[in-house]
Structure formats: structure tokens, C-alpha cells
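Working through the structure, step by step
Here's the letter readout for the chains.
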Amino acid sequence: MADNKKILCSQCNNPAVFLDREKKTHLCKDHLIQSVEEEVMRYLNTISDLPETIGIAFSGGKDSTALLTVFSRIKADIPCRFIALTVDEGIEGYRQDTIRAAEDTCSKLGVKHHIISFSDIFGSSLDTLVSESDRNACTICGILRRRALEILAREQGIRVIATGHNQDDHAQTALMNAITGDVKKVFAGYGPSTWYARRIKPFARVSEREVTLYAMLTGFFRDLPECPYAITSLRGEVRTLLYRYEREHPGAMRNAALCEEELREKLGGTFRREPYQTCTGCGWPGSGKICQVCMVLRRPSLDNDPHQVREQTR
Ligand code: SF4
């Protein structure tokens with residue numbers, strides 16, 4: 001007879017480990033794992049032109065670790081191979097641990113793993129660049145990491161990159177875009193691009209709590225240090241705000257994420273992406289004469305094409 005004091009899974013009689021406060025349902029360990037994997041399968045099934053190999057942007061943190069674990073567990077059911085791609089930004093007291101965790105996870109899961117570092121391609125670590133700039137660390141990091149990942153993907157012949165962004169990340173981005181009034185960012189990356197690798201987000205409809213629990217329940221969660229720059233970011237503030245709303249209004253997080261997704265789907269076709277210009281600094285496409293990467297590096301010289309720097313330093 002079931003113990004009445006125990007909260008049981010809504011799908012079986014096992015003890016529950018997760019409460020979906022919006023749907024008012026509970027899931028046990030097995031059903032939570034199954035529900036996350038089914039959601040990723042559902043997402044992948046919506047993509048008709050999956051390539052032979054997908055790159056998984058793998059920081060070694062819990063979200064990308066959970067994503068790599070899902071792919072490893074469902075690999076027999078998906079029509080593509082996958083490899084892990086890691087960018088080492090060069091953040092003292094944080095990145096060494098996550099890189100070690102990434103290497104260990106890949107070795108346990110038997111996944112091919114490639115690493116690229118800021119120092120290797122840009123000649124400086126993020127720490128050095130931040131100390132020499134008055135720009136926010138996360139802004140510099142985001143701009144350079146995108147380029148670094150793109151370079152690594154190209155080297156491995158990857159045209160589709162899966163990232164571990166979850167539903168909470170999308171809600172935060174939606175609110176940040178609203179707060180900063182940056183309409184262009186709402187549509188950034190929307191639509192086909194012949195230059196940049198396509199980004200896919202299999203956890204787009206999975207909450208951060210589910211992702212964290214999935215990583216814990218499958219045995220791949222690690223208690224790693226948080227990036228020291230995270231506390232200075234607008235994202236950190238927005239995250240705290242949204243958690244409060246979610247507690248008081250279950251579903252708020254999902255609604256914020258879906259709202260922006262719907263806007264993109266309904267208006268994306270009418271939003272005209274400004275044509276790329278060729279950066280006079282590095283020759284990569286960008287939104288102006290000097291791309292964001294060259295602006296961050298303050299290197300408007302063809303000699304400093306990051307790709308060339310990497311070729312030279314090999
Ligand atoms: Fe980069 Fe900011 Fe994330 Fe740290 S918190 S890894 S600086 S984006």
C-alpha cells in the first residue's frame with residue numbers, strides 16, 4: 001500500500017522527484033528522465049534537414065552536460081552523429097575546473113571532444129581582455145565565444161551546433177531584449193544563413209530545474225564554481241527577477257520564452273535582416289565595416305584575422 005505521506009509520481013506509484021507547479025503534476029526519477037529525453041526527441045524530429053554530424057557546444061557546465069548526456073542516451077534513435085565542441089575563454093579560478101569536467105564527461109560518455117581557446121585564436125585570455133577594456137565581461141565573452149565556436153565548428157566540418165540553452169535562458173533573453181529595447185536581437189540568428197553554422201536549441205521547452213534534475217539523476221551533475229563575471233551581468237539581475245515571478249505566478253517563465261518565440265515565428269518572415277558587410281579588419285561578415293570581434297580586439301588589421309592567428313600558432 002502506498003505511503004500517503006509520500007508524494008507519488010502522477011504517472012506511476014514511485015516517489016516523485018519533480019513538481020510541475022503549472023500543470024500541478026509530479027514526476028518520479030524515471031518519468032522525469034523520460035520526459036526530458038522525449039522533449040529533445042520531439043524537438044529534433046521537427047528539424048527535417050539534420051546533417052550527418054552535429055556539434056554540441058559543450059562548456060562542461062550542467063546544461064551542456066545534460067544535453068550531451070541526452071544525446072548519448074538517445075543516439076540509437078537519432079539519425080546523426082555528434083561531437084563536443086568546447087571554448088576555453090581563459091577565466092582564472094573557473095574555467096580550468098569546467099574544462100577538466102568536460103574532458104572527463106566526454107571520456108565517460110565516449111564522445112569525441114575538441115577544444116579551442118581565446119588565447120590560441122585571439123592571442124589573449126578573457127581575463128586579460130576584460131582588464132584592458134571598459135566593456136562588460138559578458139559582452140566581450142559572448143562576441144568572442146561565438147566566433148571561437150564558429151572557427152572550431154568549421155575546422156571540424158560542422159554546420160549545425162546544438163546549444164544547452166533551456167527555457168529559463170530564453171525567458172531571460174526575452175526580458176533582456178525588452179528591457180534594452182533591442183528589437184534586432186529578437187530576430188538575431190533567425191532565418192537561414194549561408195555563412196554561420198545553424199544553431200539549434202533542443203532544451204528550448206525544458207526548464208532549468210528539469211535540466212538540473214536530469215543531470216543529477218543521470219549521474220553527471222557536478223558542483224562546479226560559477227563564473228566570477230556572472231554577478232555583474234544584467235542576465236543575473238533578470239534571472240533573479242524571473243525566479244520571483246515564477247514562484248508567485250507559475251508558468252511566467254514559460255510564457256516569457258514562448259512569447260518571444262511566437263513573435264519570431266509570426267514576424268520573422270517580415271523582418272529583413274540587414275545584409276552582412278565584410279569586415280575590413282578580419283574579412284568575416286558582420287553588421288558594419290568593422291565586425292564586433294575586431295572592435296573588441298581593437299585590431300582593424302587583416303594581419304589579425306583570428307582564424308589566421310590560429311593557423312599561425314598551430
Ligand atoms: Fe562569459 Fe559572462 Fe558567461 Fe562568464 S558569465 S562565461 S563572462 S558570458
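Reference entry: report on the structure contained in this document. (Residues numbered from 1 in each chain as written. Predicted model: local features only at pLDDT ≥ 70, side-chain atom pairs only at ≥ 80, totals over all residues. Heavy atoms only, no water.)

1. Concerning the overall build of the protein chain
In terms of helices and strands, the protein chain carries 13 helices and nine strands. Buried positions account for 45% of the 314 residues belonging to the protein chain. Within the protein chain, contacts between residues separated by at least 24 positions form 74% of all contacts whose residues are at least 6 apart in sequence. Accessible surface, the protein chain as shown: approximately 16,800 Å² in total, 51% of it carbon and sulfur. (Helix = DSSP H or I, 4+ residues; strand = E, 2+ residues; numbered from the N terminus. Buried < 20%, exposed > 50% of the residue type's maximum accessible area, 1.4 Å probe, protein only. Contact = heavy atoms within 4.5 Å. Areas by Shrake-Rupley, 256 points an atom, 1.4 Å probe, with all protein chains shown as cover.)

2. Re the pairing of strand 5 (residues 113-117)
Across five bridges, strand 4 (residues 81-88) lies against strand 5 in parallel orientation. Note that in strand 5 the partner of Ala-84 across the bridge is His-113. Traced from strand 4 through helix 3 (residues 95-109) to strand 5, the parallel crossover comes out right-handed. (Pairing = 2+ DSSP bridges. Right-handed = clockwise from strand over helix to strand, strands pointing away.)

3. Section: the packing of aromatic side chains
Applying the stated criterion to the full structure yields three aromatic pairs. Consider the rings of Phe-71 and Phe-82, whose centres lie 5.4 Å apart with planes at 65°: the pair is edge-to-face. Taken together, the residues Phe-71 in helix 2 (residues 62-74) and Phe-82 in strand 4 connect sequence positions 11 residues apart. Exposure class is identical for Phe-71 and Phe-82. Each is buried. One Lys or Arg, Arg-146, reaches over the ring of Tyr-196 and ends 4.6 Å from the middle of that ring. (Phe/Tyr/Trp six-rings, centres within 6.5 Å; stacked < 30°, edge-to-face > 60°. Lys NZ or Arg CZ within 6 Å of the ring centre and 35° of its normal.)

4. A closer look at the site of the ligand
The ligand sits among Leu-126, Cys-138, Cys-141, Arg-145, Cys-227, Tyr-229 and Ala-230. Its residues assigned to classes, the shell around the ligand comprises six nonpolar, no polar and one charged. (Near = heavy atom within 4 Å. Nonpolar A, V, L, I, M, F, W, Y, C, P; charged D, E, K, R; others polar.)

5. Section: the nonpolar core
Formed by 38 residues in total, the largest nonpolar core has its most connected members in Leu-44, Ile-54, Leu-68, Phe-71 and Phe-203. Elements with a contribution of two residues or more to this core: helix 1 (29-45), strand 3 (53-57), helix 2, strand 4, helix 3, strand 6 (160-162) and helix 9 (208-217). Top contributing element to this core by residue count: helix 1, with seven residues. The residues contacting Leu-68, other than those within four sequence positions of it, are Ile-56, Phe-58, Phe-82, Ala-84, Thr-105, Cys-106, Leu-109 and Val-111. (Core = buried A, V, L, I, M, F, W, Y, C linked by side-chain atoms within 4.5 Å.)

6. Details of helix 2
Along its 13 residues, helix 2 runs 18 Å from first to last C-alpha, staying within 8% of the 18 Å computed at 1.5 Å per residue. With 11 of 13 residues buried, helix 2 lies mostly within the body of the structure. Of the positions making up helix 2, those classed as buried are Asp-63, Ser-64, Thr-65, Ala-66, Leu-67, Leu-68, Thr-69, Val-70, Phe-71, Ser-72 and Ile-74. (Expected span 1.5 Å × (residues − 1).)

7. Focus: the packing of helix 1 against helix 9
If you want to describe how two helices pack, look at the angle between their axes and the distance between the axes. Taken N-terminus to C-terminus, the directions of helix 1 and helix 9 make an angle of 120°; their axes are 10 Å apart at the nearest point. Here helix 1 is positioned oblique relative to helix 9, judged by the angle of their axes. The handedness of the crossing between helix 1 and helix 9 comes out as left-handed. Contact with helix 1, carried on its side by Lys-29, Leu-32, Ile-33, Ser-35, Val-36 and Glu-37, involves Glu-210, Leu-213, Tyr-214 and Leu-217 of helix 9 and no other residues of that element. Residue classes in the contact of helix 1 with helix 9 are distributed as six nonpolar, one polar and three charged. (Axes fitted to C-alpha atoms, helices over the stretch in contact; angles between N-to-C directions. Parallel < 35°, antiparallel > 145°, perpendicular 65-115°, else oblique. Left-handed = near helix turned anticlockwise from the far one by under 90°.)

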